[in-house]
Amino acid sequence: MLSGSDSGIGHALAKYLDSLGFVVFAGVLNKDGPGAEELRRTCSQRLSVLQLDITNTTQVREAYLTVSEKVQNAGLWGIVNNAGILGFPADGELLPMSTYRHCMEVNFFGAVEVSKTFLPLLRKSQGRLVNMSSMAGGIPLPRYAAYGASKAALSMFSGVMRQELSKWGIKVAAIHPSGFRTGIQGTAEQWDQQEQELMENLPADTRQAYGEEYLLGLRNYLLQLPSHCAPDLSPVLGAVLHALLARRPQGLYTPGKGAYVTLCIFCCFPLWFYDFF
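For the protein chain, an unreviewed UniProt entry supplies the name DHB2 dehydrogenase and the organism Erpornis zantholeuca. Check the Sequence similarities (unreviewed entry) section of the UniProt entry for the protein chain; it says "Belongs to the short-chain dehydrogenases/reductases (SDR) family."

Here you go:
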């Protein structure tokens, strides 16, 4: 069972696992949307599309009842908490509190609720819990205070659950991908709305301190973001597959360019060196 299958990594993962013969329960934010329709059209009959807004307790519970009815006593082998949002990338002081709350609601609380709800099915199969965190969840990256904090919380949750669930044979892994071109970058309309909210909530002295030129430059940074992201998602898909199938999966995967190196620099070198780097 995986969440966030409408687009990006979740969409690609649903297709990939289906092509390998898995029975896939693909949770989507909009079961009538183009992503869900494409999954129904291109995947096998083994794949089931589930309406699953992970911030909606009722939908999470309904998805659990649907899945448990289909798997019966066999249990569920794997949960992949993939659904997530990025939020407008800007300095932590500039971001409105709504961005912090929304990132935590989706990236952390939603994943925790899905995990807690579905764990009885994992216990039956001694299966796998895989949480899609981020490079920003393991190292501090400028302009990702809200997103990074929510993903760091998810990574810590993964580590604790890895220890606590081991007595039932359940294995837990966190995936920390570097930059990949996915649907999380959002649409121009979404960015316009978030940018407007950001600008409208800025106190005058804060706006003056940063300067209009810098604030306008945030939009340019955003527009250039996809060009710095890898279009090939196969390293992430391979990491998730290993986490699901390996006899001894890693607790942490770092697929993508720079993800492992920067984590090593952050962990092994003085902080002033990492900040400079």
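Still more ground to cover, so stick around.
1. Brief notes about the packing of helix H1 (residues 8-19) against helix H9 (residues 234-245)
H9 packs onto H1 with a crossing angle of 55° between their chain directions and a minimal axis gap of 10 Å. In terms of axis orientation, H1 runs oblique to H9. Remark: the crossing between H1 and H9 carries right-handed chirality. Residues Ile9, Ala12, Leu13, Tyr16 and Leu17 of H1 lie in contact with H9, whose contacting residues are Val236, Leu237, Val240, Leu241 and Leu244.

2. Notes on the pattern of salt bridges
This model, assessed by the stated rule, comprises 5 salt bridges. Notably, a salt bridge pairs Asp32 with Lys31, separated by 3.9 Å at the nearest N-O pair. What makes Asp32 exposed here is its relative accessible area of 56%. Between Glu37 and Arg40 there is a salt bridge, with its nearest N and O atoms 3.0 Å apart. Of this pair, Glu37 and Arg40 both sit in helix H2 (residues 34-42), 3 residues apart, which is roughly one turn of that helix.

3. Remarks on the sheet that holds strand E4 (residues 128-132)
Taking strand neighbours across the sheet as the criterion, the 4 strands line up as E3-E4-E5-E6 in an open arrangement whose pairing is parallel. At either margin of the open sheet sits one strand with a lone partner, and together these are strand E3 (78-81) and strand E6 (252-253). Packing against the sheet, helix H4 (residues 97-125) makes contact with E3 and E4, and its axis sits at approximately 175° to E3.

Thresholds applied
Going along each chain's sequence as written, the residues are numbered from 1 onward. The predicted origin of the model limits local features to residues at a pLDDT of at least 70 and limits the giving and counting of side-chain atom pairs to 80 or more, whereas totals for whole chains, interfaces and linings rest on all residues. Excluding hydrogens and water, the side-chain values take into account all heavy atoms of the structure. UniProt positions are given in the numbering used here, feature names are shortened, and annotations may be inferred rather than shown by experiment. Axis geometry follows a simple rule: fit a line to the C-alpha atoms, using only the stretch in contact for helices, then measure angles between N-to-C directions, giving values from 0 to 180 degrees. Counting from the N terminus, the helices are DSSP H or I runs at least four residues long and the strands are E runs at least two residues long. When describing relative orientation, an angle under 35 degrees is termed roughly parallel and one over 145 degrees roughly antiparallel, while 65 to 115 degrees is termed roughly perpendicular and anything else oblique. What makes a crossing left-handed is the near helix being turned counterclockwise from the far one by less than a right angle; a clockwise turn instead makes it right-handed. The contact rule is simple, with two residues in contact once any of their heavy atoms fall within 4.5 Å. What makes a salt bridge here is a side-chain nitrogen of Lys or Arg within 4 Å of a carboxyl oxygen of Asp or Glu, nothing more. Buried residues are those whose accessible area, probed at 1.4 Å on protein chains only, stays under 20% of the maximum for their type, while exposed residues exceed 50% and partly exposed ones sit between those limits. Strands are treated as partners if at least two bridges between them are detected by DSSP.

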